[in-house]
Structure formats: structure tokens, C-alpha cells
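For reference, the chains in residue letters:
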Amino acid sequence: GIQVEQSPPDLILQEGANSTLRCNFSDSVNNLQWFHQNPWGQLINLFYIPSGTKQNGRLSATTVATERYSLLYISSSQTTDSGVYFCAVDGRGSTLGRLYFGRGTQLTVWP
Amino acid sequence: KAGVTQTPRYLIKTRGQQVTLSCSPISGHRSVSWYQQTPGQGLQFLFEYFSETQRNKGNFPGRFSGRQFSNSRSEMNVSTLELGDSALYLCASRYGDSYEQYFGPGTRLTVT
């Protein structure tokens, strides 16, 4: 299967700081999604971004498919940004529809 | 439009019992996938159903099974529960063969 690696595994910031989360993947993909897992366990969709750049408020993401990585930027962090951020990719061919997840980045934002 | 719903949200079972979890996808979505999340293994794919047919299956033992109904609602069943089956079970739906998946709130299963 596709290998997905996220870094850093843990990130501690003070409110107002900026951060960059990275996702590397081992093969060509059709889909790349970033999720934020809330304290109750639900995965909240942040971006569907198989290539290119998108922005949504303080969050933005860039995927360079040819180099097999994606970056999630969080600017002016708030305490509500705390939680685990996951990157997931969808394999091509027979594994279409199956998401492969990284181990996540645990973000803690202090007031 | 309502999101993906899962029932029950929490469940406690005893080793050896069986359990059935339910997932209702977003209206109009015909694909439902199931994932297991544990601290040790992370998020792992169980299976995917589309139009009542299992299209894809992960590396889980036969004790894990699922089905999908004509209204796209899906159930997964785990028989002969083991302590290691304690996990958060998440389901996701997507529209047709589009790639973006949307997740439900999950069912937290504890096996004692």
C-alpha cells in the first residue's frame, strides 16, 4: 500500500504563531485530503487538494504531486486549532476509494 | 444537508460477543467506507461498499463484515469480539466515484 508520513509528530505553539505541517506520500495519488480530528473523534474535512494550492481563512494547503508532498499552513494559531491533523491519500487503480492515513500531527496551542 | 451519522456513539461489549454498528451516509452518496482507529495502528481501512456491493477490503480477519442496503445505509458487524477490537470506528461517504470522503462522528467500542 501507499506509505504516508507526517511531520512533525508533535507541535506546541503559543497563540498567534504560525505553523507548517508536512505530508509525504510514496506513490501517485488521485486524492489527498487534510483532516482535523476534533476532541470527540470526528474527522473534519479541511482540504481536498490532490494538487495546487487552496486557502480557507487562516488555513492554506499546497500539494506538489510530482514531488509527492503536501503542506498545511496554519497562520495566527488559536487554542481552538489544537488537535490532531491527518493527511490521507487515495490510491489509484484497485485501491480506489481506500484512504491511506498518516499517523498525524498532534498540535497544541497555548494561550 | 445532513452529514454522515453513526449509531450508536458509544458501546461497551464483553469478549466473545458480537456487535453491529450503523452508518447513514450523506443524502445522495452511494459509497460508504469503514475505518478503524486505534492508538497502536492508527487509522486503517476496513472495507468500502458501493450500491450494495463490497468493492474494496482491507486486511482484517473474517470476523469483520459489512453490508449496504438499497438506501445506501451501511452496517458493519464484528463477531467474537476480542479486547483488541476496542477502537473508534469511523465511516465515511462520498458521492459516486468522486474522491473526497466525508466522515461521521464515529462509534467508540470498548471490549471488556
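See the structure shown above.
Now for a description of the structure that goes with this document. Small disclaimer: the values here were computed from a predicted structure and weren't measured.

## A few points about unusual backbone geometry
A cis amide bond links A:Ser7 with the next residue in sequence, A:Pro8, at an omega value of -10 degrees. As for its position among the elements, A:Pro8 is in the loop between strand E1 (4-7) and strand E2 (10-14). In this model, B:Thr7 is joined to B:Pro8 through a cis peptide bond whose omega is -10 degrees. Phi angles above zero are rare outside glycine, and A:Arg68 is one such case at about 60 degrees. Examined against the element boundaries, A:Arg68 turns out to sit in the loop between strand E7 (59-64) and strand E8 (69-74). For B:Ser72, which is not glycine, the phi dihedral falls at a positive 75 degrees. Residue placement: B:Ser72 occurs in the loop between strand E7 (64-68) and strand E8 (74-78).

## Considering the nonpolar core
Within soluble globular proteins, side chains that are nonpolar generally end up buried alongside one another. Grouped together as the largest cluster of nonpolar side chains are 22 residues, with contacts concentrated most on A:Trp34 and A:Val89. Where this core is concerned, the elements lending two or more residues are E2, strand E3 (19-25), strand E4 (31-37), E7, E8, strand E9 (83-90) and strand E11 (105-110) of chain A. Discounting residues that sit within four places of it in the chain, A:Val89 has contacts with A:Ile2, A:Val4, A:Phe25, A:Val29, A:Asn31, A:Leu32, A:Arg98, A:Leu99 and A:Tyr100. Within the second largest apolar cluster, 21 residues are counted, among which are B:Cys23, B:Val32, B:Tyr89 and B:Val111.

## Remarks on the packing of aromatic side chains
Residue and element names in this part refer to chain A. Under the counting rule described, the total for this entry stands at nine aromatic pairs over all chains. Ring geometry for Phe 86 versus Phe 101: centroids 6.2 Å apart, planes at 85 degrees, classification edge-to-face. On the criterion of sequence distance, the pair formed by Phe 86 in strand E9 and Phe 101 in strand E10 (residues 99-101) is long-range, its members being 15 residues apart. The pair formed by Phe 86 and Phe 101 is uniform in burial state, with each residue classed as buried.

## Observations regarding the pattern of salt bridges
Side-chain pairs of opposite charge can arise where the charged atoms are in close proximity. Residue and element names in this part refer to chain B. Taken as a whole and judged by the stated rule, the model has seven salt bridges over all chains. Between Glu 48 and Arg 55 there is a salt bridge whose closest N-O contact spans 3.2 Å. When its relative accessible area of 35% is taken as the criterion, Arg 55 is described as partly exposed. Arg 63 is the partner of Asp 85 in a salt bridge, and the nearest nitrogen-oxygen pair spans 2.8 Å. Residue Asp 85 is found in the loop between E8 and strand E9 (87-94), and its partner Arg 63 is found in the loop between strand E6 (53-57) and E7; the two are separated by 22 residues along the sequence. Residue Asp 85 shares its accessibility class with Arg 63, and that shared class is buried.

## Concerning the state of the cysteines
Scanning the entire structure with this criterion turns up two disulfides over all chains. Between the sulfur of A:Cys23 and that of A:Cys87 lies a disulfide, 2.0 Å long from S to S. Given an S-S torsion of about -55 degrees, the disulfide between A:Cys23 and A:Cys87 has left-handed geometry. Of the two residues, A:Cys23 sits in strand E3 while A:Cys87 sits in strand E9, which places them 64 residues apart along the sequence. For B:Cys23, the disulfide goes to B:Cys91, at an S-S distance of 1.8 Å. Taking the torsion about the sulfur-sulfur bond, which here is approximately 65 degrees, the covalent link between B:Cys23 and B:Cys91 counts as right-handed. Remark: B:Cys91 occurs in strand E9 and B:Cys23 occurs in strand E3 (residues 19-24); sequence separation between them is 68 residues. When its relative accessible area of 0% is taken as the criterion, B:Cys23 is described as buried.

## Notes on the sheet that holds E8(B)
Residue and element names in this part refer to chain B. A sheet is described by the order of its strands in space; here four strands give the open sequence E1-E3-E8-E7, paired in antiparallel fashion. Only two strands of the sheet have a single neighbouring strand rather than two, namely strand E1 (5-7) and E7. For this sheet, the mean angle separating the axes of adjacent strands, direction not counted, is 20 degrees. Pairing geometry for E7 and E8, over five bridges, is antiparallel.

Rules of the game
Residues numbered from 1 in each chain as written. Chains lettered and ligands numbered in written order. Predicted model: local features only at pLDDT ≥ 70, side-chain atom pairs only at ≥ 80, totals over all residues. Heavy atoms only, no water. Helix = DSSP H or I, 4+ residues; strand = E, 2+ residues; numbered from the N terminus. Core = buried A, V, L, I, M, F, W, Y, C linked by side-chain atoms within 4.5 Å. Buried < 20%, exposed > 50% of the residue type's maximum accessible area, 1.4 Å probe, protein only. Contact = heavy atoms within 4.5 Å. Phe/Tyr/Trp six-rings, centres within 6.5 Å; stacked < 30°, edge-to-face > 60°. Salt bridge = Lys/Arg side-chain N within 4 Å of Asp/Glu carboxyl O. Disulfide = S-S within 2.5 Å. Pairing = 2+ DSSP bridges. Axes fitted to C-alpha atoms, helices over the stretch in contact; angles between N-to-C directions.

Taken by themselves, the reported measurements are silent on function.
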